[in-house]
Amino acid sequence: MCSSDHVHQWMLCPQCDLMTQLPEIASGSKASCPRCHTTLVTNWVEPKKRPTGYALAALFMLLLANLFPFVNMHVSGLSSEISLMRIPAVMVSENYSSLATLFLLFVQGVPAFCMIAILLLVNQVRLPSTLRRGIARVLFQLKSWGMAEIFLAGVLVSFVKLMAYGDIGIGSSFIPWCLFCVLQLLAFQCVDRRWLWQSVAPVPKLPHPPKAGISGLQQGLRSCRCCTAILPEDLLVCPRCGSRGHARRKHSLQWTLALLITSLFLYIPANIMPIMVTEVLGSKITSTIMAGVILLWSEGSFPVALVIFIASIMVPSLKMLAIGWLCWDAQGHGRRDSEKMHLIYEVVEFVGRWSMIDVFVIAVLSALVRMGRLMSIYPAVGALLFAMVVILTMFAAMAFDPRLTWDRVREKSLKEPSVDGK
């Protein structure tokens, strides 16, 4: 084993597997990979106080947002008012418990858990070591599944849709919810994975002296995807965080393609079948995703129609094409432009969850528009199918190992990562 004196200076890039020797990072600066430009580590100013303050404030805003009315609507002398907790209740009453579960998990449960986890870990609250490591493992895995800000965008789209039918107003909890969305993003942004794990458990010693500018795979080393520890290639269980892993994700392309094909099979009926049923004066009108876009466009709501079209039609389609292209390239085909493929992967990872905006629009409309035979809106099976498409494509992007796109690149002598001030 190599001495642990300088173990903190070395890091394998999680995206391209390049071994880098970290320089001294000034407070408020970050170090990026010299090959794929992924941020490796960030030295935040006041790394404990800032996330603690943001997380506490976010939880307080979340509590306020659930205590008071959220939005209201007035149509022809009739009024309707909802709170955040009424939205899943309406879905359950319409036999769409699955959509209610997704709402509770992605919009409220996951963000709330992450804020509590940040408070416990950043402030080093005394917990059993197994529990502390388990919370740290789950924290960053759930980061992509928190969709509070996407739900807020869906609420704003719902406002534009409903303005043609009546007066829309915001309740006492709307502003706290907006603040919660901003604060929970800031809390996550101020927590560096590498710094957090250093406070959770010690870094294991290096198996042997590493060489900068060469991939870990060529040196018989691998990076723990959870805690960033550098481990021997054949060590399956990380001694630091307890997570299992390989030098490359096992059967990465097979899992990615299987999830991609499944999502494609669901995407076709999700666009054909109705996602929403509108009952006006006793007559029921079903609408698909594309029909909703056309209706908004015909009513002059061009920006909203464009947002729905991009998020619900263009993004899922392009994302599935992009994931297929990444798998094809990782198998050794194409021009082998690793930098371009890495950029595509980053875009796919970032935009994929925003396709849930249409599902949240339906959730808000179904809960708010409840005015008997005058006008009522209900979710339909297409909404559930579309939500499953979004979830499966997110899993497909997570199953893909981006390091596969860099394995064919000829190693260059890149000794130092770039350091940028924040």
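For clarity, every value in this text was computed on a predicted model and none was experimentally measured.

K.L.:
Give a description of the overall build of the chain that names residues and reports values.
P.N.:
Across its full length, the chain holds 13 helices and 14 strands. Computed over the C-alpha atoms, the radius of gyration of the chain is 24 Å, within 12% of the 22 Å expected from 2.2 N^0.38 for a compact globule of 422 residues. Its C-alpha atoms give the chain principal-axis dimensions of about 75 × 50 × 35 Å. Here the chain holds 422 residues, and 52% of them are scored as buried. Sequence separation of 24 or more characterises 73% of the internal contacts of the chain that already satisfy a separation of 6 or more. In the structure as shown, the chain presents an accessible area of about 19,000 Å², 64% of it carried by carbon and sulfur atoms. Of the side chains in the chain, 37 bear a positive and 24 a negative charge, and the two mean positions are spaced by 6 Å.

K.L.:
Lay out the UniProt feature "transmembrane region" (unreviewed entry) in the chain in plain terms, naming residues and giving numbers.
P.N.:
In this structure's numbering, the residues bearing the UniProt feature "transmembrane region" (unreviewed entry) are residues 54–76, 96–122, 142–162, 168–188, 253–277, 289–315, 350–371 and 377–400. This span, residues 54–76, is 61% helix and 22% strand, and a straight line between its end C-alpha atoms measures 42 Å. Along residues 253–277 one finds 80% helix and 8% strand; the C-alpha atoms at either end are 39 Å apart.

K.L.:
Any chance you could break down the environment of asparagine 95 for me, citing the residues and the numbers?
P.N.:
Mapped onto the fold, asparagine 95 is located in the loop between helix 2 (86–93) and helix 3 (97–122). When the C-alpha positions of asparagine 95 and glutamate 339 are compared, they lie 47 Å apart, and in sequence the two are 244 residues distant.

K.L.:
Let's hear about helix 1 (residues 49–67): which residues, and what values?
P.N.:
Taking 1.5 Å per residue as the helical rise, helix 1 with its 19 residues ought to reach 27 Å, and the 27 Å between its terminal C-alpha atoms agrees with that figure. Among all positions of helix 1, only Pro51, Thr52, Ala55, Ala58, Met61, Leu62 and Ala65 are buried. Residues of helix 1 that are buried make contact with helix 3 and helix 6 (174–189).

K.L.:
Give me a nonpolar patch on the surface: which residues, what numbers.
P.N.:
On the surface, Leu306, Ile310, Met314, Leu318 and Leu321 cluster together into a nonpolar patch covering about 450 Å² of accessible area. Accessibility expressed as a relative area gives 34% for isoleucine 310, which makes it partly exposed.

K.L.:
With reference to specific residues and values, describe the pairing of strand 3 (residues 29–32).
P.N.:
In the sheet, strand 3 pairs with strand 4 (residues 39–43) via 4 bridges, with the strands oriented antiparallel. Among the inter-strand pairings, lysine 30 is bridged to a residue of strand 4, identified as threonine 42. Connecting strand 3 to the next strand, strand 4, in antiparallel fashion are 6 residues, including histidine 37 with a positive phi near 65 degrees.

K.L.:
Report on the environment of tyrosine 165, specifying residues and quantitative values.
P.N.:
Among the secondary structure elements, tyrosine 165 is positioned in the loop between helix 5 (148–162) and strand 7 (167–170). Given the relative accessible area of 39%, tyrosine 165 is considered partly exposed. With 111 residues separating them in the primary sequence, tyrosine 165 and methionine 276 have C-alpha atoms 17 Å apart.

K.L.:
Can you break down the nonpolar core residue by residue, with the values?
P.N.:
When a protein is soluble and globular, its nonpolar side chains tend to lie buried together. In this structure, Ile87, Leu139, Phe151, Trp177 and Met356 are the most contacted members of the largest nonpolar core, which totals 119 residues. Broken down by element, this core gets its largest block of residues, 15 residues, from helix 3. Ignoring anything within four residues of it in the chain, the contact list for tryptophan 177 reads Leu62, Ala65, Phe70, Leu84, Val107, Gln108, Ala148, Phe151 and Leu152. Counting 12 residues, the second largest nonpolar core, distinct from the first, contains Met11, Ala31, Cys33 and Cys36.

K.L.:
Tell me about the state of the cysteines, residues and numbers included.
P.N.:
Defined simply, a disulfide is a covalent bond joining two cysteines at their sulfur atoms. Counted according to the given criterion, the structure contains 0 disulfides. Of the cysteine sulfurs around cysteine 33, a residue in no disulfide, the closest is that of cysteine 16, at 3.5 Å. The thiol sulfur of cysteine 241 is not disulfide-bonded, and the nearest other cysteine sulfur, from cysteine 224, lies at 3.4 Å. Relative accessible area serves as the criterion here: at 2%, cysteine 241 is assigned to the buried category.

K.L.:
Any details on the sheet that holds strand 6 (residues 78–82)? Residues and values, ideally.
P.N.:
As summarised here, the arrangement of the 3 strands in space is 6-5-7, forming an open sheet in which the pairing is antiparallel. The strands lining the two open edges of the sheet, one partner per strand, are strand 6 and strand 7. Within the sheet, the average angular offset between the axes of one strand and its neighbour, ignoring direction, is 15 degrees. Summarising the sheet, strand 5 (residues 71–75) and strand 7 pair through 4 bridges and their orientation is antiparallel. Bridging from a neighbouring strand, methionine 73 pairs with isoleucine 168 of strand 7. The strands touched by helix 12 (residues 357–368) within the sheet are strand 5 and strand 6, with strand 6 carrying the most contacts at an inclination of about 130 degrees.

K.L.:
Give me the packing of aromatic side chains: which residues, what numbers.
P.N.:
Under the defined criterion, the tally for this structure stands at 11 aromatic pairs. Seen in terms of ring centroids, tryptophan 145 and phenylalanine 395 are 5.0 Å apart; in terms of plane orientation they differ by 45 degrees. Their pairing is tilted. Taken together, the residues tryptophan 145 in the loop between helix 4 (129–141) and helix 5 and phenylalanine 395 in helix 13 (residues 381–399) connect sequence positions 250 residues apart. Take phenylalanine 395: its relative accessible area is 39%, and that puts it in the partly exposed class. Here the aromatic rings of tryptophan 177 and phenylalanine 180 are separated by 5.1 Å at their centres, their planes lie at 45 degrees, and the arrangement is tilted. Taken together, the residues tryptophan 177 and phenylalanine 180, both in helix 6 and 3 residues apart, mark about one turn of the helix. Taken individually, tryptophan 177 and phenylalanine 180 each receive the classification buried, so the pair is uniform in this respect.

What counts as what
- Residues numbered from 1 in each chain as written.
- Predicted model: local features only at pLDDT ≥ 70, side-chain atom pairs only at ≥ 80, totals over all residues.
- Heavy atoms only, no water.
- Helix = DSSP H or I, 4+ residues; strand = E, 2+ residues; numbered from the N terminus.
- Rg over C-alpha atoms; globule rule 2.2 N^0.38 Å.
- Buried < 20%, exposed > 50% of the residue type's maximum accessible area, 1.4 Å probe, protein only.
- Contact = heavy atoms within 4.5 Å.
- Areas by Shrake-Rupley, 256 points an atom, 1.4 Å probe, with all protein chains shown as cover.
- Lys, Arg positive; Asp, Glu negative; His and termini not counted.
- Charge placed at Lys NZ, Arg CZ, Asp CG, Glu CD.
- UniProt positions renumbered as here; feature names shortened; annotations may be inferred.
- Expected span 1.5 Å × (residues − 1).
- Patch = residues over 30% accessible without salt bridge, like charges linked within 9 Å, V, L, I, M, F, W, Y side chains within 5 Å.
- Salt bridge = Lys/Arg side-chain N within 4 Å of Asp/Glu carboxyl O.
- Pairing = 2+ DSSP bridges.
- Core = buried A, V, L, I, M, F, W, Y, C linked by side-chain atoms within 4.5 Å.
- Disulfide = S-S within 2.5 Å.
- Axes fitted to C-alpha atoms, helices over the stretch in contact; angles between N-to-C directions.
- Phe/Tyr/Trp six-rings, centres within 6.5 Å; stacked < 30°, edge-to-face > 60°.

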